[in-house]
Structure formats: C-alpha cells, structure tokens
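If you want the building blocks of each chain, they are given just below.
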Amino acid sequence: MGELLQASLNWIDPYILQILVNIGIAIILALGLNLITGLTGQLSLGHAAFLSIGAFSSAILTIKLGIPFSLNIVASGLIAACFGVLIGFPTLRLSGDYLAIATLGFAEIIKVVFLNLDITNRALGLSVPLPNTPIPLPIYVWAIAILTIAAMCFIQNSRFGRALQAIREDEIAAEAMGINATRYKIQAFAIGAFFAGVGGAFYAHFIAYINPSDFAFLKSVDILNMVVLGGLGSIPGTVLGASVLTVAPEFLRFMQQYRMLVYGALLVFMMIFRPNGLLGGVSFRRLVWKAMGKLPAGGR
Amino acid sequence: MFWQQLINGLTLGFTYALIALGYTMVYGIIQLINFAHGEIFMMGAFFALLLVTVFQLNIFVAMILAMAFCMLLGVIIEFVAYRPLRKSGRLSALISAIGVSIFLSTLALLLFGADAKGFPDNSFPVTQFKIGSATVSSLQLLIFGVSSFLMLALEFIVHKTKLGKAMRATSQDYNTAALMGINVNWIISFTFALGSSLAAAGGVLVGLYFNAVNWNMGLMAGLKAFAAAVLGGIGSIPGAMLGGVFLGVAEVFGVAAGFSSFRDAIAFAILVLVLFIKPTGFFGLKIQKKV
C-alpha cells in the first residue's frame, strides 16, 4: 500500500511536490485561523505561536519519547489547543484591537521563552527526524488538509458555527439570544489552535529543522494574509488564499531580491481592488443554483 | 545604579513614546493599526543618515529634513494604500498596512544593504555629565530635549489650534465632522504627516543613540511602540507618552535585573498583564456597548 502510493508520487516533480505539501500545511493553518478571525470575528495576530507550540511539541515528543508520528499530530494539536484555552480565557475579555495586541504579545512572549528553554535547544533550534509513516508524507498532509476542510464545512453549518457567526455580527445581540459568547469564543480559539498545532507538527517534520525565530510576527501575518486575501469566513476562499500565497513567492522567485518588494506591493493592490478578498461574498451554493437555472427566492 | 538605569530607561522610553504617538493619533482618527509606522521610523533614520554622511549636513538640519521627508512619505502612503480602503473592512486596511511595511523594509534592504550603518562620530559631540552617582550623556539630554519639545508642540497643535480642534472633532465622529464643514480627508492627511514626522525624529534619535541604523529596526520598535500606545489606551495622546516611557523604563530595569535574554518579551508581558487588570489601558475610554 505504502509503496504503491510512494510510486505514484514519484511521477511528480519533487519541487512541485514540495510546494504541494507547503500548500497542504498552509490550508490546515489558515482554516484554523479562519475559524477564529473569519467566522468568530476575533482578530488574532498570534497564530504563529500555536504553530510553534505544535511544531516543538511534535519534535520533542519524537526526539525524547519516540512516539509514532500519527499519535504526535493529535498530541501536538491537543497541546496547542490547551494553550489556546489558556490564552483564550483571560484575553477574550478584551475586544477588537486590544485582543489583537494581546495575542501578538503572547506570540512574542512564547517565541522568546522558546528561545531560552534548554529543551527547545535555545536559539540553535531543533533538527527533526523524518517521520516514519506507512503513508508517504505528502499524501498524509493532503488527507489531513481535506479532513480539515470537511470538518470546517461541518462546523460552519452546525449550530456551533451559526452561534460563532452570530457573535461575529453582533456580540451583544447574540448574548441576548442566549449564546454564551465567552464560552463559544474560547471553544473557537481552542479548535483554531488545535489545527495550528497539527499544521505545526507537519511543518516540523517536513522542513526537518525548526527554530523559534521562524515563528515570529511575520509568520502570523502570513497566515492572516491567506485568510483575508481569500475572503474572511469563506472556506473555499481560505483554501484559495493559502494556495495563492504559498505559490506566489515561488512564481516571484525569478525576480530574486525584488521578490518581497513585489509581494508587499501585491498585498496593497489586492486589497485595493478586491478589499473583501478573492472569494469574499461569493457563495458557491448560489453559483451552483444559478448554473442550474433555479435560484431559490430569498436563498443565500 | 538605580538612577543610572532610570536615566537609561527614560531615554529609551521617550523614543518609544515618540513613535507611539503616531500610532495613537492614526488609530484615534481612522481606527487603523498603521503597521507601516515602524518602517517610517526606519526610513527617517536612513534619510537623516544619508544627509549627514553624503551631504555633510548638520545633524539638526538633517533631522528636520528627515521629518519633512517622512511627513511626505506618510501622506503618500495614506493616499495610495489606505484612502481607497476607507469604506471597506478594517482588516483589509490592516493587510494593506502590512503590505506597505513589507515593501518599505525590503526597499531599505535593497537600497542600503543588510548591515547596520552608524552615524559618523563627529555628527554629534558626546560628553558625559555627572549627576550624583549617575552619568548623563549629552546624547541622552538631546533625546529628552527634542522629544519633550516635540510632544509639547504636538500638545499645542492638538489643543490650541484650529487644525487640532478639527482633528479632535474628526476622531470623535467622522461623519458629523464632515457635515460640519471639516475637510476630513485633509485632516487625516495632516494626522499622518504629524505622526510620521514624530516617528522620523524618533528614528534619528534612536539611530544616534545606538549608533546603528538597520533595515529591520522598524519592526520591533514599531511593535513595542504599538504596545506602548495600547498600554496607554489607544487613541489617547497622554496615554501614548506615559505608555512609552513606562515600557522603556520597565525594559531597562528588566534587563538590569538579569532578564536580558527576555528583553523583547518584557514590554509585551507588561502589556498583557496591564490589559488583564485594565482592559482598555491607562487612559482608555470605557467602551460603550450598544445593540
């Protein structure tokens, strides 16, 4: 089974395969943040912190305890989720931009703490062995990415997801309708952190080397860009945003040192011409209905 | 020892306060976290450095020209990257600001290289003064003097002039201010110009003080100044001053107490602690929630 899958992957150019894996990881990360920022409306500037917690947990569990990779993913996700709750409890009393700066602060603190811990090898970072899994890693990543997409679709249309959207639209009105906003926000935070932890575990084992400085402010910003560029709260949008922003630097590689210059300008132009993101406000169900020629009256 | 550290802390704090003022004013008027502000600070330092090294200008002239240059830069950034987004969501404006910040820091990297540059030794004469057991350098006095002067000037502009009144009106209520005949676009540009010039002055002072100007100095300084603005209560001008000074002093004392490897986390740890106790910062207005 494993060899067969591996053989099928050998058809793909390794460079493209690597980009594909990066896209898969980005989708997992961005969907987690989309739940927090897109669906619940809580601007978080510290998603990289959960990513780094996941990455380091997975690396340390592998190196010190030799736990199998599949168990690692779940464990790292759960550890990140615990931190999500821990951070969520006090911070979610804050609203709007105060929450943004508090999460940013937490991310910086976690980065500096990791830079000073012996177990994370301080500023030297950790080398992570390649995972020993029956399924090849690229397929594993994409399987989890697709599972994440499915889970997010399920969450968005569930009672829980509708409560989150109610909180995003108007927290006080939602409270008045009997929604316990704080509890829901913490749950959303925990789920988002869980997926960041899972993504972090994949990241650590795929890149094979992690350093606390990799998970700085700009990493959080990268993930936020994916969500906003795709369209806040839209799952296909987030997937598209994650893919575009992972591939864009590769396409811009021919410009060498001007790459980041163009990237910055691109962000500004994208926002000016498509301020709600590429797929913001686009409803797929509506498009399908329209194509079939029967748009339900008053339907979304 | 205590007094020496207090002087060092105040020096750092005054520069944070200068940058934080730009954050707080822009936030107060259009509710935008202007992440490009740190890069304006960096650009100001580089521009002054260029004037001092290439054109052999006096440091004070260079500082004033850098402030003027950054005023222009701030207004252009607002016009290009924020004005078209004023009607759309706040997050898109935030991403736009981040795009500008990436653009400017990469531009500086390409133009000036990756290594830190220093001001020439003769650009400002450094002498040490002894006060009791502590020493104050002329550079520190310069920082105290220039920042205090700029802050007083700002306070005067905001509270005593017609433009300042218009600024305050716009930050109170954007639409009503426009209805009252205030040219809101003009006022927003003016706010960006003021904030950017203060950041430029801060950049020159920091560049002189640490004798290093670096393409990525804007990021951490910007984040810390933003933390200072939030600590004081974002939107409040005295809050930004107090928050900046407080964080600077706290950071220096933290380093002196042996937490030097945690240097960059000290400001944020204090910020998070204060926000738990007082969720809107020192001088933040209580947010009225309405349905």
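Residues numbered from 1 in each chain as written. Chains lettered and ligands numbered in written order. Predicted model: local features only at pLDDT ≥ 70, side-chain atom pairs only at ≥ 80, totals over all residues. Heavy atoms only, no water.

Under an unreviewed UniProt entry, the name given to chain B is Amino acid/amide ABC transporter membrane protein 1 (HAAT family), and the source organism is Hydrogenispora ethanolica. Listed in UniProt under the heading Subcellular location (unreviewed entry), the comment for chain B reads: "Cell membrane". Within the UniProt record for chain B, the comment given under Sequence similarities (unreviewed entry) is "Belongs to the binding-protein-dependent transport system permease family. LivHM subfamily." (UniProt positions renumbered as here; feature names shortened; annotations may be inferred.)

Under an unreviewed UniProt entry, the name given to chain A is Amino acid/amide ABC transporter membrane protein 2 (HAAT family), and the source organism is Hydrogenispora ethanolica. UniProt, in the comment section headed Subcellular location (unreviewed entry), describes chain A in these words: "Cell membrane".

Before going further, it helps to examine the overall build of chain B. Secondary structure assignment for chain B yields 11 helices and 2 strands. In chain B, the succession of α and β elements from N to C terminus is α-α-α-α-β-β-α-α-α-α-α-α-α. Computed over its C-alpha atoms, the radius of gyration of chain B comes to 19 Å, within 12% of the 19 Å expected for a compact globule of 291 residues. For the C-alpha atoms alone, the extent of chain B along its principal axes is close to 55 × 45 × 35 Å. For chain B, buried positions account for 56% of its 291 residues. By sequence separation, contacts in chain B at least 24 residues apart represent 75% of the contacts at least 6 residues apart. About 12500 Å² of surface is accessible on chain B, with carbon and sulfur atoms providing 69% of the total. The average position of the 16 basic charges and that of the 8 acidic charges among the side chains of chain B differ by 14 Å. (Helix = DSSP H or I, 4+ residues; strand = E, 2+ residues; numbered from the N terminus. Rg over C-alpha atoms; globule rule 2.2 N^0.38 Å. Buried < 20%, exposed > 50% of the residue type's maximum accessible area, 1.4 Å probe, protein only. Contact = heavy atoms within 4.5 Å. Areas by Shrake-Rupley, 256 points an atom, 1.4 Å probe, with all protein chains shown as cover. Lys, Arg positive; Asp, Glu negative; His and termini not counted. Charge placed at Lys NZ, Arg CZ, Asp CG, Glu CD.)

Contact residues are listed per partner, giving 47 residues for chain B and 41 residues for chain A. With both sides pooled, the region where chain B packs onto chain A buries about 3800 Å², and carbon together with sulfur makes up 82% of that total. When the buried surface of chain B facing chain A is broken down by residue, L91(B), I95(B) and F276(B) rank first, second and third, together holding 16% of it. Counting across the chain B and chain A interface gives 0 salt bridges. The element contributing the most residues to the side of chain B that touches chain A is helix α4 (residues 90–112) of chain B, with 14 residues. Considered class by class, the residues forming the side of chain B that touches chain A number 34 nonpolar, 9 polar and 4 charged. (Buried area = accessible area lost by both parts, 1.4 Å probe. Salt bridge = Lys/Arg side-chain N within 4 Å of Asp/Glu carboxyl O. Nonpolar A, V, L, I, M, F, W, Y, C, P; charged D, E, K, R; others polar.)

Right, let's talk about a nonpolar patch on the surface for a bit. A contiguous nonpolar patch, built from W11(A), I12(A), Y15(A), I16(A) and L20(A) and spanning about 530 Å² of accessible area, is present on the exposed surface. Topologically, I12(A) is positioned in the loop between α1 (2–9) and α2 (14–39). (Patch = residues over 30% accessible without salt bridge, like charges linked within 9 Å, V, L, I, M, F, W, Y side chains within 5 Å.)

The subject of this paragraph is the UniProt feature "transmembrane region" (unreviewed entry) in chain B. All names here are of chain B. UniProt's entry tags residues 6–28, 40–57, 63–82, 94–114, 134–158, 186–209 and 265–285 with the feature "transmembrane region" (unreviewed entry), counted in the numbering of this structure. Between the C-alpha atoms that bound residues 63–82 there is a distance of 27 Å. The span itself is 100% helix and 0% strand. For residues 134–158, the end-to-end C-alpha separation is 36 Å, with 84% helix and 16% strand making up the annotated structure.

Another point: the nonpolar core. Inside soluble globular proteins, nonpolar side chains tend to come together where they are buried. In terms of nonpolar packing, the biggest core is built from 199 residues, with L104(A), F202(A), I210(A), L224(A), F35(B), F119(B) and F226(B) touching the most fellow members. Among the elements that make up this core, the one with the highest residue count is helix α1 (residues 2–30) of chain B (15 residues). (Core = buried A, V, L, I, M, F, W, Y, C linked by side-chain atoms within 4.5 Å.)

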